[in-house]
Amino acid sequence: MSKKISSRAEDYSQWYNDLVIRGGLADYSPVRGCMVIKPYGYAIWENMKTVLDKKFKDTGHVNAYFPLFIPKSFLSKEAAHVEGFAKECAVVTHYRLMNDPNGKGIVVDPDAKLEEELIVRPTSETIIWHTYKNWITSYRDLPLLINQWANVVRWEMRTRLFLRTAEFLWQEGHTAHSTSQEAIAEAETMLDVYADFVEKWLAIPVLRGVKTPNERFAGAVETYCIEALMQDGKALQAGTSHFLGQNFAKAFEVQFMTKENKQEYVWATSWGVSTRLIGALLMAHSDDEGLVLPPKVAPLQVVIIPIFKNAEELNAVFDRVSSLMKTLKAQDISVKLNDDDQTRPGFKYAQYELEGVPVRIAIGPRDLVSGTAEVARRDTKEKQIVQIDDLETFVPALLDEIQANMFQKALKFREENTRRADTYEEFKRLLDEQPGFILAHYDGSPETEDKIKEDTKATIRCIPLNNPLEDGVCILTGKPSTQRVVFARAY
RNA sequence: CGGGGUGUAGCGCAGUCCGGUAGCGCACCUGGUUUGGGACCAGGGGGUCGUAGGUUCGAAUCCUGCCACCCCGACCA
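Nothing here was measured: the structure is a model prediction, and the numbers come from that model. (Residues numbered from 1 in each chain as written. Chains lettered and ligands numbered in written order. Predicted model: local features only at pLDDT ≥ 70, side-chain atom pairs only at ≥ 80, totals over all residues. Heavy atoms only, no water.)

Student: Explain the overall build of chain A residue by residue, including any values.
Tutor: If you tally the helices and strands in chain A, you get 14 helices and 27 strands. Relative to a compact globule of 491 residues, whose C-alpha radius of gyration would be 23 Å, chain A shows 26 Å and is just as compact. C-alpha extents for chain A along the principal axes are approximately 80 × 70 × 55 Å. Each of the 491 residues in chain A was classed as buried or not, and the buried ones make up 53%. Counted over contacts in chain A with a minimum sequence separation of 6, partners at least 24 positions apart contribute 68%. Working note: accessible area of chain A is about 22700 Å², and carbon and sulfur atoms make up 51% of it. Looking at charge distribution, chain A has the averaged site of its 60 positive side-chain charges lying 2 Å from that of its 70 negative ones. (Helix = DSSP H or I, 4+ residues; strand = E, 2+ residues; numbered from the N terminus. Rg over C-alpha atoms; globule rule 2.2 N^0.38 Å. Buried < 20%, exposed > 50% of the residue type's maximum accessible area, 1.4 Å probe, protein only. Contact = heavy atoms within 4.5 Å. Areas by Shrake-Rupley, 256 points an atom, 1.4 Å probe, with all protein chains shown as cover. Lys, Arg positive; Asp, Glu negative; His and termini not counted. Charge placed at Lys NZ, Arg CZ, Asp CG, Glu CD.)

Student: Describe the domain arrangement of chain A, with residues and values.
Tutor: Partitioning chain A into structural domains gives domain 1 (12-285), domain 2 (302-405) and domain 3 (419-488). The C-alpha-based centres of domain 1 and domain 3 are spaced at 29 Å. Listed per partner, the contact involves 18 residues of domain 1 and 17 residues of domain 3. Summed over both sides, the interface between domain 1 and domain 3 buries roughly 1400 Å², with carbon and sulfur atoms accounting for 62% of that surface. By the criterion of area lost to domain 3, the three top residues of domain 1 are Leu-207, Thr-212 and Asn-214, representing 33% of everything that side buries. Counting every contact that joins domain 1 to domain 3 gives one salt bridge. At the surface where domain 1 touches domain 3, the tally comes to eight residue pairs in polar contact (both at pLDDT 80 or more). When contributions to the side of domain 1 that touches domain 3 are tallied by element, the ones reaching two or more residues are β11 (207-210), β12 (222-229) and β13 (235-245). When residues in the side of domain 1 that touches domain 3 are grouped by element, the largest group, five residues, is from β12. (Domains from an automatic or database assignment. Buried area = accessible area lost by both parts, 1.4 Å probe. Salt bridge = Lys/Arg side-chain N within 4 Å of Asp/Glu carboxyl O. Polar contact = N/O pair within 3.5 Å; in protein donor to acceptor, adjacent residues only side chain to side chain.)

Student: How would you explain the sheet that holds strand β8 (residues 113-120) if you had to name every residue and give the values?
Tutor: Paired through backbone hydrogen bonds, the strands of a sheet run either parallel or antiparallel to each other. The three strands are arranged β4-β8-β5 in an open sheet whose pairing can be described as antiparallel. Single-partner strands in this sheet number two, and they are β4 (69-71) and β5 (91-94). Taking the axes of each pair of neighbouring strands and ignoring which way they run, one obtains an average angle of 40° across the sheet. (Pairing = 2+ DSSP bridges. Axes fitted to C-alpha atoms, helices over the stretch in contact; angles between N-to-C directions.)

Student: Can you break down helix α2 (residues 39-58) residue by residue, with the values?
Tutor: The end-to-end C-alpha separation of α2 is 28 Å, in line with the 28 Å expected for 20 residues at 1.5 Å each. What α2 keeps buried is the set Tyr-40, Gly-41, Ala-43, Ile-44, Trp-45, Met-48, Val-51, Leu-52, Asp-53, Lys-55 and Phe-56. Residue Gly-60 follows α2 closely and has a positive phi angle near 95°. (Expected span 1.5 Å × (residues − 1).)

Student: An account of the pattern of salt bridges is needed here, citing residue identities and associated values.
Tutor: Within the structure shown, the criterion is met by 25 salt bridges. Measuring nitrogen to oxygen at the nearest pair gives 3.0 Å for the salt bridge that ties Glu-353 to Arg-360. Across the salt bridge formed by Arg-377 and Glu-401, the nearest N and O atoms sit 2.8 Å from each other. In this pair, Arg-377 sits in strand β20 (residues 372-377) while Glu-401 sits in helix α12 (residues 391-416), placing the two residues 24 residues apart along the sequence. Connected through salt bridges with shared partners, the residues Arg-420, Asp-422, Glu-470 and Arg-484 form a single ionic network.

Student: Can you tell me about the nonpolar core, naming the residues and giving the values?
Tutor: Core analysis: the biggest nonpolar cluster contains 81 residues, and Tyr-16, Met-48, Phe-197, Leu-202, Met-230, Phe-427 and Phe-487 have the highest contact counts within it. Here the element with the most residues in this core is helix α6 (residues 180-200); it accounts for nine residues. The contacts of Met-230, once residues within four sequence positions are left out, are Tyr-12, Leu-236, Ala-280, Met-283, Ala-284, Phe-413 and Tyr-491. (Core = buried A, V, L, I, M, F, W, Y, C linked by side-chain atoms within 4.5 Å.)

Student: Just give me the short version of the packing of helix α9 (residues 311-330) against α12, but keep the residues and values in it.
Tutor: In helix packing, the relevant descriptors are the interaxial angle and the interaxial distance, both defined with respect to the helix axes. For the pair α9 and α12, the least separation of the axes is 10 Å and the interaxial angle reads 40°. Of the possible angle classes, the one that applies to α9 and α12 is oblique. In terms of crossing hand, the pair formed by α9 and α12 is right-handed. When α9 is examined against α12, the residues Leu-324, Thr-327 and Leu-328 are found in contact with a partner set consisting of Leu-391, Glu-392, Val-395 and Pro-396. (Parallel < 35°, antiparallel > 145°, perpendicular 65-115°, else oblique. Left-handed = near helix turned anticlockwise from the far one by under 90°.)

Student: Quick rundown of the environment of Ser-334? Include the residues and the values.
Tutor: Tracing the sequence through the fold places Ser-334 in the loop between α9 and β18 (335-337). Judged by its relative accessible area of 23%, Ser-334 falls in the partly exposed class. As a C-alpha pair, Ser-334 and Pro-295 span 39 residues in sequence and 9.7 Å in three-dimensional space. Apart from residues no more than four positions distant in its own chain, Ser-334 is found in contact with Ala-298, Pro-299, Leu-300, Gln-301 and Val-302. A polar contact of 3.4 Å, which involves the side chain of Ser-334, links it to the backbone oxygen of Pro-299.

Student: Report on the pairing of strand β9 (residues 144-153), specifying residues and quantitative values.
Tutor: Burial analysis of β9 places nine of its 10 residues in the buried class, the great majority of the element. Bridge count for strand β3 (residues 62-63) against β9 is two bridges, and the pairing is parallel. Bridge pairing in β9 links Asn-63 to Asn-147. As paired elements, β9 and strand β10 (residues 167-177) share 10 bridges and run antiparallel to each other. Note on β10: the bridge partner recorded for Gln-148 is Glu-172.

Spelled out as C-alpha cells, the structure:
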C-alpha cells in the first residue's frame, strides 16, 4: 500500500475515496452502494447527532420512531411524492427462504409471497401522515413536532461513499400545524438550525435559499435548502427543509377541528440532514495529507505523542502530562496519549494527520528538560514550542482558533469562487474554467432551467433568501429578470 | 441503463500475449536491534487465481456464458 493518498489535483474523486477508506471512516460492503461505517466515521456522526438532537429538542421537538416498512399503496397517495421516489425503491415481496430443491443453496420460497408488497422507506412522510391521521383531531393537538433518527434506502443509480449511498442514516423531522404561516415559520426555523450547525460546528459556510420548482422535494410547496461549495468548485446540498402545504394532509385525510368548530386540513413541514454531511465535511476541508476535522466534531481533538526509548522515558512523559490531560478532559476536550511502542513517532504523526486530529503535541526527553512541548495544528500544519505549563490554557484557545480559521478559510474559498456571469458564453466558460457558484439572471421558467442543465450540467442551487433585486436579462433567452440566482454543477 | 476499467493472500499489484500447477511489496506472527517526521535484520504463516462450463495429458493463462465492484454520464440528499 502506498503511503500517500491521491492528490486533489491529480484525481479528485480518488482523493475523496482515499480519505474515506484510508482515513478509517468506512468500508465498502458486499452490497452495491452500501457501506460499513467504521468506528471513526461513526464517531463523527455521533458528534453531529448529539449537537443536532439538542438543537431539535431546544426548538420544541421530540423523538419517535416509525417503521422501516411501508405498504406499497401508501406511496401512491400523494401524486408528486410517488413520482419522485418510485424509481428508487427497494421492495419486499416475500417473507421466507427455503432450501433450493436443486440443491444449490437457498432460494425464495414462492409460497411466501406477501399479500401487499412492502417498500423499504426512502423517506417517511407517508407512514407518518398515515399515523398522524389518528393522532390529530383538534387544534389542541397542534402543533405536532416530531423528529426521528433512522436509516432510509434509495436505490440510486450511482453511489458515492457518504455523498450518495443506497442506504443512509439521517434524521427526518415531520411537523403538523394549524396554519400555513406557522408551518412556514417552522420550515424556516429548521433551516436556520441547520445553517447554524453547519457553519458553527462543521465550519462550512452555506447559502440559505429556496429551490426552484424543478428542484423542489417531491410533494413540497416550497423547499428551503442550505448549499455549500466543495473544493473542486461543485456545490453540495447540505440540508433541506420543506413546507409541504396541505398536500400530505389531503392525501392522508388529516383534518382537525378549529376553535371555531370547523374541519380543516393541517399544514405540514419535513426537514432532514444525513450522513452526507460527513461527505461535505471531508470535501470542504481536507487536504492531500488527509482529513482536516473541525475541533467541534472531531472524535479526538488532541493527541499527545511521547518520544521515548524505554519505559522510564515514557513514564516521565506520562507523569508530566497526566494533570494536563485531566484539566483538558474537565473542559470536555478529548485527549489521548499514544504510548504505543510498536510504531515510531514519525509514523504516528502521519497517521494522525491522515485522521485529521486537530492538535498534536509531541513531548520527549529534551522537552522534559526544558519544560516545553511541540504543538502542531492540523489545519495549517504549523508547529510551535509551548511551555508545558501553559498548555492547559493554550490548547483550548488553539482549538477555538482552528475552528474559526477553518470557517474563514472555507468562506474565503467560497467568496473567491463565487462569480457573476452576464452572458451564456461567460457562464459556460466559468463552469469549465473556474467552477464555483455563478450568480446569473434567468427568466424564471422551468424550460430555461432544463435547457441550461442539459447544455451545461449546471443547476440552480437556490434562490438566496433576502436576495437583492436587480434588473437584468436571462443569460439564455434574454428575457427580463429581477434577480440573480445561484448556479453550479452539483453533487 | 450507456461508456470505460478491474476481479490473483487482509490491502496494493505482477504473472495471462506465448498453457507446465502461483510470486512481489505492504500488513500480520516470532526474535533481536531501534524510536525527535512513515525504522531495520532474521525467521514464519496465509491464496479452490470472481463464478459456471468448455478445450487440453495439463488452465490464473485459451474459448463461451454469468456475476460483482470501481470510475465517467443520465436520476437523486
